[in-house]
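# Chain and residue survey
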Amino acid sequence: MSEPSTVNQATLQKMIDQVTAIKNGPRVLQLYMDLCAKCGTCAEQCHVAQSNPEARVNPAARSDLIRKIYKRYGSSWGKVLKALGTARDISADELDTWARDFYECSGCRRCAQFCPFGIDNSILTRKGRAIVHALGKSPYMMSETQRVSDETGNDEGQSYAAFVEACRFLCEEVKDECGYDVEIPIDKKGADILFIPASADLISFPETHMGVAVFFEKLRQLDGTTWTMASTAFDGANFGLFTGDDPHMMRKNQLAHDACMTLGVKTLVIGECGHAYRIAKRLGPTASKNKNPFKTISIFNLADDYLQKGAFTFDKSKIQHSVTYHDPCNFARSTGIFEEPRRLLQAMVGDFREMTPNRTKNWCCGGGGGLAVMDGPEKVAKIEGTFLDYRMRAGKKKFEQIQATGATYVAAPCANCKRQLMQLMDHNKTGVKTGGVFDLFMEAIVM
Amino acid sequence: MQMVEILIGRVLPFVTLAVFVGGLVWRLRRWNRAAVANVALYPAASNQWELIKKVLGEVAWFSSFRHDNPELWRKTWVFHVTLLVILVGHLRLMFAWTDSLLGVGMGPETIDGLSKWAGGAFGIVALVTCVMLLTRRFVRPRVKEISSGEDFGVLILLLCILLTGNGLRFLMHYDVGVTRAYFASFFLGSEAPQNPQFLLHFFFVQLLLMYLPFGKFLHIPGVFYSKALLAKDY
């Protein structure tokens, strides 16, 4: 564990100032300060609260970390509200408490689905994390990943040479495993599509990237569609979303935008990474609202277009597994991608099993909000145990869901979900394989 | 007694009106002026008509938690619906012309009977569900751990309103004409009402109205804003 923050009035005052500034907006935070009726619905629908009886992991209690400071210092009635229990004084170890508590929420937005007023505690979590980050107390791996990303353009710190070699190697692997000749073009100007995955796929989940290469080769055969990756932007993952660091988030996505412009592509296609797609589609410079000369879609939108036209033939006998589908939170709840992956899986797989609940009501894997990349205590002063301990506990609902389906493969199109689910399946000794959707495409497609 | 009548019946209502209206205007202006980001949560609406349908539907039926938190839904939906009916019914205590609207062709005895029996029944149901909402704050650990003085206090205030209101309905003969005369000449300087039960009920109601723009009852206008923010994807 790291040393606790010493009592520093200037730091506490900065926290107070950041919180009371909510009076001026944004609207969503103003509303969330005012409306919570403390009905307890969010705790019933939160995977963390359902696996841990501690009061602090009740989503309304966590959001109250900000609310009670806001009401104490942002209102002339602060002391009266304190007497009523609706406000409280800031405490000496407030920053350390926030650094722990806001990283006990995975930002999955499930609470918002069920709240009578639509209060999204993940937005308050992100606000809390932003304040923690600005004061230099984000968990170690969060800050370190951002530092590496700013230095090298990707979260894994891969060099250009390593990236090129990984692509070459994966093409060889496709040839060895399936006999298909595929190419992963890099920096091809005038290509129809720029494809950006989470760069973790290149190292940790190569079957997904191999499947993507096979997919694009199939498109080329069908109608000559061309694609490329970019040496300056081969990582869509973006920890600015998780730390609340908006400048980092915009900076990282700007790489993708600039690559699209330099290469003159018509379409930016984001791979199996929910938060990369959410940022690219809605939040960053590549967002659709910015009226760029290229459109931004998910690889699932693209695949579904072809699937609906009957362009693909699959051999279902190639997939021996019974397959269930985990909805990454940033695909289902934040960007509305939940039917497209299902249609693709149902076309490829003989035995597809739906988990319950599913789609926008599905449970978080427990590794969302960047938590999946953290295993140790990460220099968080008040952490109890490690982030791995936390994630295995928080994943209880997801484990029960997967087990109830009896499936032998869980398809999870998100690098962070994959890491969390692999560890969760191992931890519970289930023998269930975790992989992406396009891993199965490679096996089942008839070229 | 006369001083109390004047304070609650002639002075406080103007303070209440100023605080309620001024406070609401101030809050709504603050929300309206603030920056709005896209925080769409799926399934979301892709145009204005879909947005209106979705938000109104969710507010009318409390549909976001209807199936997934039935324990709360049963209590709170019934509570809110009975309160709404009671509020609409109260219009006839203030304005004589509402009888023709609310009665829809019924005679005066029928309207009085409806007010007595249906109004009385709704008053009982509202009270019972209010007690249930208060009780659950004590018996359910995940609700108790997030409840503060404000949460209990507001429910107790509602209970006081419902108890005194039901008292007016069931424990005495109440003359509608007296309150109608009071409200009709409200701004011109009417007689202060004298019925102590009415004064008590009126006092609690005014406390609630003054509290509304500053506490969690802001969810009355606020729920439309917050649901619309999540539902909007265009």
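Since the model is a prediction, treat every value here as computed from it, not as a measurement.

## So, the interface of chain B and chain A
Counting from both sides, the interface comprises 41 residues of chain B and, opposite them, 53 residues of chain A. Together chain B and chain A conceal approximately 3800 Å² of surface at their shared face, both sides included; 55% is due to carbon and sulfur atoms. Our count for the contact surface shared by chain B and chain A stands at 3 salt bridges. Residue Asp34 of chain A pairs with Arg27 of chain B through a salt bridge whose shortest N-O separation is 3.3 Å. The set of elements that each furnish at least two residues to the side of chain B that touches chain A consists of α1 (2–33), α5 (108–139), α6 (141–144), α7 (149–170) and α10 (219–231) of chain B. Take the side of chain B that touches chain A: its biggest share by element is 8 residues, from α10 of chain B. Of the residues in the side of chain B that touches chain A, the class split is 18 nonpolar, 10 polar and 13 charged.

## A look at the confidence of the model for chain B
Interpretation of the predicted coordinates at a detailed level should be avoided for regions scoring low in pLDDT. Residue and element names in this part refer to chain B. Put simply, chain B has an average pLDDT of 92, and 99% of its residues get 70 or more. The least confident element of chain B is helix α4 (residues 98–103), whose mean pLDDT is 72; the most confident is α10, at 97. Here the complex is predicted with pTM 0.95, and the ipTM for its interfaces comes to 0.94.

## Side note on the sheet that holds strand β3 (residues 267–270) of chain A
Residue and element names in this part refer to chain A. The parallel open sheet is built from 4 strands, whose spatial order is β2-β1-β3-β4. Of all the strands in the sheet, just β2 (227–228) and β4 (295–298) have a single pairing partner and so form its edges. In this sheet, β3 lies alongside strand β1 (residues 193–196) in parallel orientation, the contact comprising 4 bridges. For Ile196, the partnering residue across the bridge sits in β3 and is Ile270. Sitting on the sheet, helix α15 (residues 246–263) is in contact with β1, β2 and β3, with an inclination near 155° to β1.

Each value, and the rule that gives it
Residues numbered from 1 in each chain as written. Chains lettered and ligands numbered in written order. Predicted model: local features only at pLDDT ≥ 70, side-chain atom pairs only at ≥ 80, totals over all residues. Heavy atoms only, no water. Contact = heavy atoms within 4.5 Å. Buried area = accessible area lost by both parts, 1.4 Å probe. Salt bridge = Lys/Arg side-chain N within 4 Å of Asp/Glu carboxyl O. Helix = DSSP H or I, 4+ residues; strand = E, 2+ residues; numbered from the N terminus. Nonpolar A, V, L, I, M, F, W, Y, C, P; charged D, E, K, R; others polar. pLDDT = per-residue confidence, 0-100. Pairing = 2+ DSSP bridges. Axes fitted to C-alpha atoms, helices over the stretch in contact; angles between N-to-C directions.

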